[in-house]
Amino acid sequence: MNVGVIGSGAIGPDLAYGFMSAIGGKGTVYLVDIRQEALDAGVARIHKYIAKGVARGKLSARAAEAIKGSLKPTLSLADLADCAYVLEAASENLDVKKAIIRDLEAVVAPDCLIGFATSGLPRAWIAADAKHPERCFVNHPFFPAWRSLPIEVVAADDDSALAARMNATLKRLGKVPIRTADVVTFAADDVFCNYCSEAARIVAEGVATPAQVDAIVNGAIGGGGPCNVLDGTQGNLLVKHCQELMRDARDDGRWFEPPAILAEKGDDPWHDRKNPGDPSHDAALAKTVLDRMLAVLFARTLWVIENDVCTATEMNWMTRTALGFATGLVDLAHQMGADEVRRIVVAYAEAHPGFEVPDCVAERSLPALYSNLRTRDTDGIRTVEVFRPEVKNALNAKTLAEIDSAMQAAEADPAVRGVVFTGFGGALAGADINELAVVDDAADAAALCNRTHAICRRIEKMKTPVVAALNGPVLGGGAELSMCCHARIAGPRLVLGQPEVNLGIIPGYGGTMRLPRLVGLDKALEMIRTGAPVMAAEACALGWAHGEPVADPEAGAAALITAHLAGEAQVAPVDEAPIDVPDALPKVDLGYHSLTIDAIVVDVMRRGLAAPLDEGLAIEAAGFGACTQTVDMKIGMTNFMQNGPRVPALFLNE
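In this text the structure is predicted, and so the values were computed from the model without any measurement.

Engineer: Which residues make up the environment of Val 467, and what are the values?
Structural biologist: Examined against the element boundaries, Val 467 turns out to sit in strand β12 (residues 466-470). Spatially, the C-alpha atom of Val 467 lies 6.4 Å from that of Val 419, the residues being 48 residues apart in sequence.

In structure tokens form, the structure reads like this:
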């Protein structure tokens, strides 16, 4: 895959490095600038990132060389002729962007996708004079651009094949595309710029110092504090520019007038690192500052959602991942309650003419949302997608509860003929390790498993067919949740595994009972006792997944549901009847794995598989609880959290 990045200034090299890391040397990333010194500086920055990755053990020397070799710095746009995608990140000036697209279209193929990294300029303005405006997109990344996942996408037509190709391209390049409407500043920057501007007003009015503002805000909701963020991004003038865009887009834009202090500061920082200000403050000042900041954050976030600029789930996610708040702002609004949100916002509006109060705030009707799921309906098929891309869609308690709610809602909806269950990018990681690691009581651990068993059993017993669509790492709890669906469709990138023994535990969400019923006892014992994964083709050959791997598992899952409903195919949950377990089990090379944990899992499978499914699940839950009383579970969990999944634990077998 060959891609290009135009501009080797503030964010271009960071974007190029992120793309290089994503393609892993399997393609070329061109970095273009009109000045050799800028190009050299950009290349040096990228090489520094690579060196840090090697020094910190994040990159092997071989991977680093492959990544480094994919970079092609150039002074000529003509070198981008073979690119499938080009992202312009050279300037926020509209005339410059239009000139670049004019020159670029003379070079690239007609089907090359073109993105523009802009903080506030609408797509329609940028693409107005393009020969092929339909293939021009806003692609708005966030700081730090090389590793921040979200990227706002504005398309000419959200439902077009070009939009689908752009989204697939950005996913391939390691980004999470978020559809936003073609309005000035889009979604997240509307919130971010107004948040920073309010901090600037507070400082300019002498209400609080930058040190106090940052301490108050960061202490209450995280995010580092607005003045710190402005310093880190050198964002004063960019925020001023975005405020002017928002001001000019309204009949009454007076509240959006950028505070003069932003221009006065220019590129100067708010904080003197050698002489940091005193952040101390009393409760009265904290309340004054926080009420003002929260009024702006809540009002702008909810305005964006109410005006269909972005969905509630995605906006909530971006305020955590792109803006860095500890809790998504829609979740925070719900936690504080509609009455308190209304009090804060209305009080601020009364003191600040021109400030917009969203209807949902005035009416005390906050938008409903799944925080960790996205759902969509197409021709009677509802897709339920786990959306926690920053943790490979790991299944924490909140996510599991939302899955349960979404599945029950689908079952109750007569318009839903079937459900496709998936995760963003096709991945479904295991249970959230941070939650599991703190469970040290056997009864509590068993109860946790039994709560999830109940969710899985409700899915299993649904009359509405449920088919999982999988195309990435599907491990541990993610694999177990997939097995309670009525069928599974695999994509070519599926990696299926039950790696729990690496952490000093056993599968606890049904893996010991369902995997043998799908792939046979011998293979299930091998996978569960060693943690060894299988790839897509083998998962299909074993019968774990239906048919053969397909390029688009979600489309394949929808097609299988349609065929099932037409009587042309059959999907069904696993057979609940007991299965025979011989006295002599096949030998398995356990390697470094814990003998103590292996004894627990073998006992669970011997006794549990000899019983009907529900009894077996109860035995599994008790076995998982027993793991918490072993030294090896503590060793395995600690090793995973400190060293990651690639470093084997040193089990003591006790």
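Engineer: Can you tell me about the sheet that holds strand β10 (residues 381-386), naming the residues and giving the values?
Structural biologist: Strand order in the open sheet made by the 5 strands is β9-β10-β11-β12-β14, with mixed pairing throughout. Both outer strands of the open sheet, β9 (373-378) and β14 (487-490), are each paired with one neighbouring strand and no more. Each strand axis lies, on average, 20 degrees off the axis of its neighbour in the sheet, ignoring direction. Sheet topology note: the strand β11 (residues 418-423)/β12 ladder contains 3 bridges and is parallel. Bridging from a neighbouring strand, Val 420 pairs with Val 467 of β12.

Engineer: Account for the packing of helix α2 (residues 36-55) against helix α3 (residues 61-69), naming residues and giving values.
Structural biologist: Packing of α2 against α3 brings their axes to within 10 Å, and their N-to-C directions diverge by 170 degrees. In terms of their interaxial angle, α2 and α3 are classed as roughly antiparallel. Our pair here, α2 against α3, has a crossing hand that is right-handed. Across the interface between the two elements, His 47, Ile 50 and Val 54 from α2 touch Ala 64, Ile 67 and Lys 68 from α3. Looking at the contact of α2 with α3 residue by residue, the class counts come to 4 nonpolar, 1 polar and 1 charged.

Engineer: Residue-level account of the packing of aromatic side chains, with values.
Structural biologist: Remark: the centre distance and the inter-plane angle together describe each pair of aromatic rings, the angle taken between the planes. A complete count under the given rule lists 12 aromatic pairs for this structure. Ring centres of Trp 255 and Tyr 348 lie 6.3 Å apart, and the angle between their planes is 85 degrees; this geometry places the pair in the edge-to-face category. Taken together, the residues Trp 255 in the loop between α10 (236-248) and α11 (260-265) and Tyr 348 in helix α15 (residues 338-351) connect sequence positions 93 residues apart. For the pair formed by Trp 255 and Tyr 348, the shared burial category is buried. Among the aromatic residues, those joined into a cluster by ring pairs are Trp 255, Phe 256, Tyr 348 and Phe 355. Over the face of the ring belonging to Trp 255 we find Arg 201, whose NZ or CZ atom lies 4.8 Å from the ring centre.

Engineer: Can you break down the pattern of salt bridges residue by residue, with the values?
Structural biologist: For the coordinates displayed, the defined rule picks out 40 salt bridges. Between Lys 98 and Asp 129 there is a salt bridge, with its nearest N and O atoms 3.6 Å apart. With Lys 98 in helix α4 (residues 94-105) and Asp 129 in the loop between α5 (123-126) and β6 (136-140), the pair connects residues that are 31 residues apart, well separated along the chain. The exposure class assigned to Lys 98 is partly exposed, which follows from its relative accessible area of 25%. Overall, Asp 129 belongs to the exposed group, its relative accessible area being 60%. For Arg 343, the salt bridge is made with Asp 291, and the minimal N-O distance between the two is 3.5 Å. Of the two residues, Arg 343 is situated in helix α15 and Asp 291 in helix α12 (residues 283-306); the sequence distance between them amounts to 52 residues. Residues joined by salt bridges that share partners form a network here, namely Glu 314, Arg 374, Arg 376, Glu 385 and Glu 554.

Engineer: Can you tell me about a positive patch on the surface, naming the residues and giving the values?
Structural biologist: Side chains of Lys 48, Lys 52, Arg 56 and Lys 58 sit close together on the surface and give a patch of like positive charge. Mapped onto the fold, Lys 48 is located in helix α2.

Engineer: Can you tell me about the sheet that holds strand β4 (residues 85-88), naming the residues and giving the values?
Structural biologist: With mixed pairing, 8 strands are arranged side by side in an open sheet as β3-β2-β1-β4-β5-β6-β7-β8. A single partner strand is all that each edge strand has here, and the edge strands are β3 (71-74) and β8 (176-179). Here the average twist between neighbouring strands, direction ignored, is 25 degrees. Sheet topology places strand β5 (residues 113-116) next to β6; 3 bridges connect them, and they run parallel. For Phe 116, the partnering residue across the bridge sits in β6 and is Val 138. Relative to β3, α2 is tilted by about 165 degrees, and along the sheet it contacts β2 (28-32) and β3.

Engineer: Break down the environment of Ala 621 for me, with residues and values.
Structural biologist: Of note, Ala 621 is situated in helix α26 (residues 613-627). A relative accessible area of 0% places Ala 621 in the buried class. Distance in space between the C-alpha atoms of Ala 621 and Ala 220 is 38 Å, their sequence separation being 401 residues. Once residues lying within four places of it in the same chain are set aside, the contact partners of Ala 621 are Ala 446, Cys 449, Asn 450 and His 453.

Engineer: Kindly report on helix α1 (residues 12-23), identifying the contributing residues and their values.
Structural biologist: Each turn of an α-helix holds 3.6 residues, which means side chains three or four residues apart point in the same direction. Here α1 is 12 residues long and its end C-alpha atoms lie 17 Å apart, about the 16 Å a rise of 1.5 Å per residue gives. With respect to burial, α1 is a largely interior element, 10 of its 12 residues being buried. Among all positions in α1, only Gly 12, Pro 13, Asp 14, Leu 15, Ala 16, Tyr 17, Gly 18, Phe 19, Met 20 and Ile 23 are buried.

Engineer: Which residues make up the nonpolar core, and what are the values?
Structural biologist: Proteins that are soluble and globular tend to have nonpolar side chains buried together. Judged by nonpolar contacts, the single largest core of 92 residues is most densely connected at Leu 80, Val 86, Trp 270, Met 315, Met 318, Val 341 and Phe 355. Here this core gets 15 residues from one element, more than from any other, and that element is α12. Each residue touching Phe 355, except ones within four places of it in the same chain, is listed here: Trp 255, Ala 295, Val 296, Ala 299, Val 345, Tyr 348 and Ala 349. Of all hydrophobic cores here, the second largest spans 73 residues; its members include Leu 395, Met 462, Leu 494 and Met 527.

Engineer: Let's hear about unusual backbone geometry: which residues, and what values?
Structural biologist: Cis geometry is found at the peptide bond from Phe 143 to Pro 144, where omega equals -10 degrees. Tracing the backbone through its elements, the reader meets Pro 144 in the loop between β6 and β7 (150-154). A positive phi angle is found at Asp 379, which is not glycine, with a value near 50 degrees. Within the secondary structure, Asp 379 sits in the loop between β9 and β10. Residue classification places Asp 379 among the exposed positions, given a relative accessible area of 69%. Positioned with a positive phi, Lys 392 is a non-glycine residue whose angle comes to about 55 degrees. Relative to the assigned elements, Lys 392 resides in the loop between β10 and α17 (397-412). Taking the relative accessible area as the measure of exposure, Lys 392 reaches 53% and is therefore exposed.

Engineer: Talk me through helix α21 (residues 511-519); I want residue IDs and the actual numbers.
Structural biologist: Within α21, 9 of the 9 residues are buried, leaving the element largely enclosed by the surrounding structure. Of all the residues in α21, the buried ones are Gly 511, Thr 512, Met 513, Arg 514, Leu 515, Pro 516, Arg 517, Leu 518 and Val 519. The inward-facing, buried residues of α21 abut α19 (442-460), α20 (477-483), β14, α22 (521-530), α25 (595-609) and α26. Of the residues trailing α21, Gly 520 is marked for its positive phi of about 95 degrees.

How each quantity is defined
Residues numbered from 1 in each chain as written. Predicted model: local features only at pLDDT ≥ 70, side-chain atom pairs only at ≥ 80, totals over all residues. Heavy atoms only, no water. Helix = DSSP H or I, 4+ residues; strand = E, 2+ residues; numbered from the N terminus. Pairing = 2+ DSSP bridges. Axes fitted to C-alpha atoms, helices over the stretch in contact; angles between N-to-C directions. Parallel < 35°, antiparallel > 145°, perpendicular 65-115°, else oblique. Left-handed = near helix turned anticlockwise from the far one by under 90°. Contact = heavy atoms within 4.5 Å. Nonpolar A, V, L, I, M, F, W, Y, C, P; charged D, E, K, R; others polar. Phe/Tyr/Trp six-rings, centres within 6.5 Å; stacked < 30°, edge-to-face > 60°. Buried < 20%, exposed > 50% of the residue type's maximum accessible area, 1.4 Å probe, protein only. Lys NZ or Arg CZ within 6 Å of the ring centre and 35° of its normal. Salt bridge = Lys/Arg side-chain N within 4 Å of Asp/Glu carboxyl O. Patch = residues over 30% accessible without salt bridge, like charges linked within 9 Å, V, L, I, M, F, W, Y side chains within 5 Å. Areas by Shrake-Rupley, 256 points an atom, 1.4 Å probe, with all protein chains shown as cover. Lys, Arg positive; Asp, Glu negative; His and termini not counted. Charge placed at Lys NZ, Arg CZ, Asp CG, Glu CD. Expected span 1.5 Å × (residues − 1). Core = buried A, V, L, I, M, F, W, Y, C linked by side-chain atoms within 4.5 Å.

Any functional reading would require information beyond the geometric quantities listed.
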